[in-house]
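# Overview (structure and organization)
For reference, the chains in residue letters:
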Amino acid sequence: MRLNMWMIANCLAVLEPELYLKEFEPAVIKGVRFYSADGYAYVCQRGDKVMCSFEEEYFLLSGLSLEVACGLIQDVFDVFDAWESKVTRWMQHMEYQKIVDSCHAFLRNPLVLLDANYKAMALSGQYGPEDVDGEWKYLKENGFSSIKVVKELRGRSADSNLQRIRHPDAVLRIKLDAFGYVNVSQNIYYENILCGRFVIMERSRAVNCGDITLIKMLAEWLAPYMNKLNFNNRYTGGSSVFYHLLKGRETDPKILEMELCYYGWEADDEYKLLMLFYRDKKADGMLLRLLRSALLQTVPACVTEIFDNRIVVIMNQSRQNVDYLTDKIKDIVMHNDACCYAGLEAPGILSLNKLYHQLSQMDGLLMCDKTQRALFEFQECAVAYILRETDLQRKICAMYPPIRQCWLKGDDKEALEAMRVYLLNNQSIAETAKQLYLHRNTLVYRLQKIRAKHEIGSAGSAEKAVLQREF
């Protein structure tokens, strides 16, 4: 394993070396020699001290003979080689706690491994709940980062990304308050997809270049395994609060609040679902994971999960440009010989189960040729769904949103009755006015009232076309 001078000096910290090192240098040193050689640190006597140097960097050790100092420095390389072998074995078995605990010998600070949703996967076992700070205690007790930390990370994410573009090895440093330690965060990416992050808390000493290099190496090694974990249905679906919401199961309000905070969403926002799947039913799981990977890169602000042999995308209608996101997803679908079902929007996070049920029934409701198009709207089969469905709440959720809002509020009863008769008369103004004994202009006014007060949904949708066709 190749090291840099900081990594060597950290392991010899008990000897109190005098450091003359640069802020950052890559890990390229292969070992130590008594003579100058490419890729090797050089050890020599300098007065009453031993000097270990590499290019322009060096540190000095006191009270040691040249042979002993060289042996100790070579031992550092042997220790790291043995550690790398163990980590490689632990990664294959996803034993993340052992990996994190093993890092303490080098970091001498608390270390946290988080997944992409700030869930704690492993924390340094050398520290108890009261040994660090309030955030550490919160992580130990709850298994998630606190909302304060998440907001801080989200608030600085743009600056952090710019910083990493300019300096790939830069890290995000956060000090929450006077009672918390500085947190040094290193993201874990796999093919530009965020899989997790390491966080070092500066309890015993300041984080230096050696620590950052070590964690950066570890992040690169772990990335494919973390990515595999993210694609594991049992992990992403079974433990996800959104999975439980889609399936209509009870959720822990505290965890739900935390998850919504991660995305910057509110429980009473309006939500919309997309369901993606391959036309070829024999397509294997790897293709589905590749499709999800493309979606994660294209629409990272959405929740994207694999359920059975389909992908569900959750979008926030209140806070996202859903039309723009849908168009981007449609483009991906078209280039992957896949299909996309787009549902209606509905208020409240607890409506996800009803929206999911709508999309899950579309296979048996759509009568059109599915080979000619990539995107299918639930509106195309909403009437058939309402007629077939027996649950009243699901019927209500399947109504066109402007009409549903009007009906639920109980206002504009005259306008709503006008809309009902108008639709029953195949959108004929003349027949509707005749049946309601209204003047044509009065009918048009009532229909416009609904449109002006409750207009929502995708531009160009079939329902809006109905509302706009004659007025």
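Keep in mind that this is a model prediction, so the values were computed, not measured.

Definitions and cut-offs
- Residues numbered from 1 in each chain as written.
- Predicted model: local features only at pLDDT ≥ 70, side-chain atom pairs only at ≥ 80, totals over all residues.
- Heavy atoms only, no water.
- Helix = DSSP H or I, 4+ residues; strand = E, 2+ residues; numbered from the N terminus.
- Contact = heavy atoms within 4.5 Å.
- Buried < 20%, exposed > 50% of the residue type's maximum accessible area, 1.4 Å probe, protein only.
- Pairing = 2+ DSSP bridges.
- Axes fitted to C-alpha atoms, helices over the stretch in contact; angles between N-to-C directions.
- pLDDT = per-residue confidence, 0-100.
- Salt bridge = Lys/Arg side-chain N within 4 Å of Asp/Glu carboxyl O.

### Points about the overall build of the protein
Helix and strand counts for the protein come out as 22 helices and 15 strands. For the protein, restricting intrachain contacts to residue pairs at least 6 apart in sequence, the fraction spanning at least 24 positions comes to 61%.

### What about the pairing of strand S10 (residues 193–201)?
For S10, a buried count of 8 out of 9 residues is recorded, marking the element as mostly surrounded by other parts of the structure. When strand S6 (residues 111–115) meets S10, the two strands line up antiparallel, connected through 5 bridges. Looking at the pairing, Leu114 lines up with Arg197 of S10.

### What about the sheet that holds strand S4 (residues 49–54)?
The strand order S1-S5-S4-S3-S2 describes an open sheet built from 5 strands, whose pairing is mixed. On the outer flanks of this sheet lie strand S1 (18–20) and strand S2 (31–33), each paired with one strand and no other. Each strand of the sheet is rotated relative to its neighbour by a mean of 25°, with strand direction disregarded. As defined by bridge partners, S2 adjoins strand S3 (residues 40–46) across 3 bridges and the pair is classed as parallel. Note that in S3 the partner of Gly31 across the bridge is Tyr40. Here helix H2 (residues 66–92) sits on the sheet and contacts S2, S3, S4 and strand S5 (57–62); the angle it forms with S2, its principal contact strand, is near 165°.

### A few points about the confidence of the model for the protein
Taken residue by residue, the protein gives an average pLDDT of 82. The fraction at 70 or more is 84%. Low pLDDT, under 50, characterises residues 157–170; the stretch is placed with 15 contacts to residues that sit more than four places away or in other chains. The model gives residues 456–471 a pLDDT under 50, and that stretch makes 40 contacts with residues more than four places away or in other chains.

### A word on helix H11 (residues 253–263)
What H11 keeps buried is the set Leu256, Met258, Glu259, Leu260, Cys261, Tyr262 and Tyr263. Count one or two residues on from H11 and you reach Gly264, which has phi positive near 75°.

### Considerations on the pairing of S6
Counting buried positions over the 5 residues of S6 gives 5, a clear majority of the element. Hairpin geometry of S6 and strand S7 (residues 120–123) is characterised by an intervening segment of 4 residues between the two adjacent antiparallel strands and by a positive phi of about 65° at Tyr118.

### Some words on unusual backbone geometry
One non-glycine residue, Glu16, lies in positive phi territory at about 55°. In this structure, Glu16 sits in the loop between helix H1 (5–11) and S1. Judged by its relative accessible area of 68%, Glu16 is exposed.

### Thoughts on the pattern of salt bridges
Here the structure, examined in full by the defined rule, presents 13 salt bridges. Residues Glu18 and Lys49 are paired through a salt bridge, measuring 2.2 Å at the closest nitrogen-oxygen approach. Of the two residues, Glu18 sits in strand S1 while Lys49 sits in strand S4, which places them 31 residues apart along the sequence. A relative accessible area of 27% places Glu18 in the partly exposed class. A salt bridge links Arg205 to Asp211; its shortest N-O distance comes to 2.7 Å. The network of salt bridges with common partners includes Lys22, Glu25 and Glu56.

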